[in-house]
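Here is what each chain is made of, one letter per residue.
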There are 2 protein chains.
Amino acid sequence: MTSSASRPENAPPAPPAPSARRRPGGRTARIRTQVLDAVLGELGEHGYDGLTMEAVAARAGVHRATVYRRWGDVGGLLADVLDAVGDDAWQPPDTGSLRGDLARLNHEIQDALTARPPVAAALIAASFRSEQAALAQRRLWEDRYARCEIVVGRAVRRGELPPHTDARRLLIAATAPIYHQLVLLRTPPEPDLPDQAAATAALAASAGAFTGPPPTGDG
Amino acid sequence: MTSSASRPENAPPAPPAPSARRRPGGRTARIRTQVLDAVLGELGEHGYDGLTMEAVAARAGVHRATVYRRWGDVGGLLADVLDAVGDDAWQPPDTGSLRGDLARLNHEIQDALTARPPVAAALIAASFRSEQAALAQRRLWEDRYARCEIVVGRAVRRGELPPHTDARRLLIAATAPIYHQLVLLRTPPEPDLPDQAAATAALAASAGAFTGPPPTGDG
């Protein structure tokens, strides 16, 4: 689980942020890498309350004025971190079965949400503090769920699921319990919850629980 | 949906807070009612950022020193509001079927999370700012889920579910999608999601998805 291909749903990678890393071009890209690394570092160590423009500039070794000019405020920094996290080549698991894919996905999510330092959890918490971070977090999730729809398409093609299964609802049903327990209820991680939530959603899906009417103009 | 018996999972009632209302006793109880009302009012109008000891004292018409002495800080106020919300006679729906009970429960949750002013949503957001509020929110949810276990017990007795169904996991599976969409993904409410999430969980449960081994000493 160390390659970028297995990066979880909402987990920021270990610094440096991926898009900055992939475009090492010039000074601008290098500064972005340094600054976004510093944001992740500060956030992981001190959470949102320790995240100041000053601390980020100092940690990055970048002039404060540059950080203010380019990112404006802490919300701007968080949004750019989240956008950088999403700017990667992540693809959902392909294990050969719907249940297997969902279970692997849930394990990735659980690993990200319980990682130390708690960067993914801190980014989610930050989305309750900053409107810009909230919008960026929403974009990231939207993109991750969209990428995961292929998991459902493959299961339909394998005959595991009825056609016209609503991919998004199935994915939400499979993954929501992990987020609910770890982010909202704040209960300790249950090692078998990822598998169980995946199995539950797969079972319901194969029984037709997410089968809506065929999309108009398509069936 | 206006009586206290239909109060949602995590929704604070309209002010005044219920426990203060139910024990109108003396000056102390009256002040608590006034102050907790003021917290809900400030939170609903301005969110966490507008919530200060000064604003609460002014809105409540209570001396600032009293508010500081009794609640200490904003975290103390939030924790007391959440404890007051939970100190009620709320019982889960009893519609005669598992699917019906879960659907009603999900509608209550969706109504609470989309209510205006957004008090329940603001309390959840506050739990990412204040450790005291986080602990109180966790206690409230723990208590609500515990009360809801009777829904599963009744379904088992009616023969709708296999014995030894894990009530908590079933309840989490049924309700998590509502929280996930509205609180984390921040997507607009989908009118049929409460029914659909309930139906999905009920279907999976009746197929045995939440059947663990029998509790030791019980089977």
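To start, this report covers the structure provided alongside it. Quantities reported herein were computed from a predicted structural model and do not represent experimental measurements.

Conventions adopted
Residues numbered from 1 in each chain as written. Chains lettered and ligands numbered in written order. Predicted model: local features only at pLDDT ≥ 70, side-chain atom pairs only at ≥ 80, totals over all residues. Heavy atoms only, no water. Phe/Tyr/Trp six-rings, centres within 6.5 Å; stacked < 30°, edge-to-face > 60°. Helix = DSSP H or I, 4+ residues; strand = E, 2+ residues; numbered from the N terminus. Buried < 20%, exposed > 50% of the residue type's maximum accessible area, 1.4 Å probe, protein only. Contact = heavy atoms within 4.5 Å. Polar contact = N/O pair within 3.5 Å; in protein donor to acceptor, adjacent residues only side chain to side chain. Buried area = accessible area lost by both parts, 1.4 Å probe. Salt bridge = Lys/Arg side-chain N within 4 Å of Asp/Glu carboxyl O. Least-squares fit on C-alpha atoms with pLDDT ≥ 70 in both.

Residue and element names in this part refer to chain B. The tally for this structure, following the rule as stated, stands at three aromatic pairs over all chains. Geometrically, the ring pair formed by tryptophan 141 and tyrosine 179 is edge-to-face, given 5.6 Å between the ring centres and 90° between the ring planes. Linking tryptophan 141 in helix H8 (residues 131-157) with tyrosine 179 in helix H9 (residues 167-184), this pair joins segments that are 38 residues apart in sequence. Residue classification places tryptophan 141 among the buried positions, given a relative accessible area of 1%.

So, on to the environment of threonine 165 of chain B. All names here are of chain B. Here threonine 165 shows up in the loop between H8 and H9. Overall, the relative accessible area of 12% leaves threonine 165 in the buried class. Between the alpha carbons of threonine 165 and threonine 175 there is a distance of 16 Å; along the sequence they are ten residues apart. Ignoring any residue separated from it by four or fewer positions in sequence, one finds threonine 165 in contact with Val152, Leu170, Phe210 and Thr211. At 2.6 Å, the side chain of threonine 165 and the backbone oxygen of proline 162 are in polar contact.

The next thing to look at is the interface of chain B and chain A. Tallying the contact residues gives 32 residues for chain B and 32 residues for chain A. Here chain B meets chain A over a buried area of about 3,200 Å², counting both sides, of which 64% is carbon and sulfur. For chain B, the biggest contributors to the area lost against chain A are Phe128, Arg169 and Arg186 of chain B; these three give 24% of the whole. Inspection of the region where chain B meets chain A yields four salt bridges. Two residues, arginine 169 of chain B and aspartate 192 of chain A, come together in a salt bridge whose shortest N-O distance is 3.0 Å. Taken together, chain B and chain A are joined by twelve residue pairs in polar contact (both at pLDDT 80 or more). Elements supplying a minimum of two residues to the side of chain B that touches chain A: helix H7 (119-126), H8, H9 and helix H10 (193-206) of chain B.

Bringing the relation of the copies chain B and chain A into the picture now. Each copy of the sequence occupies a distinct position, and chain B is placed on chain A by a rotation of 180° and an axial shift of 0.0 Å, giving an RMSD of 0.0 Å. Here the transformation between the copies is reduced to the relation of a two-fold axis. An overlap of 100% is found between the interface residues of chain B and their copies at the interface of chain A, pointing to a shared contact surface.

So, on to the pattern of salt bridges. All names here are of chain A. Inspection of every chain in the model, using the stated rule, returns 34 salt bridges over all chains. As a salt-bridge pair, glutamate 54 and arginine 64 come within 3.8 Å of each other at their nearest N and O atoms. On the criterion of sequence distance, the pair formed by glutamate 54 in helix H3 (residues 53-60) and arginine 64 in helix H4 (residues 64-71) is long-range, its members being ten residues apart. Residues joined by salt bridges that share partners form a network here, namely Asp88, Asp143, Arg144 and Arg147.

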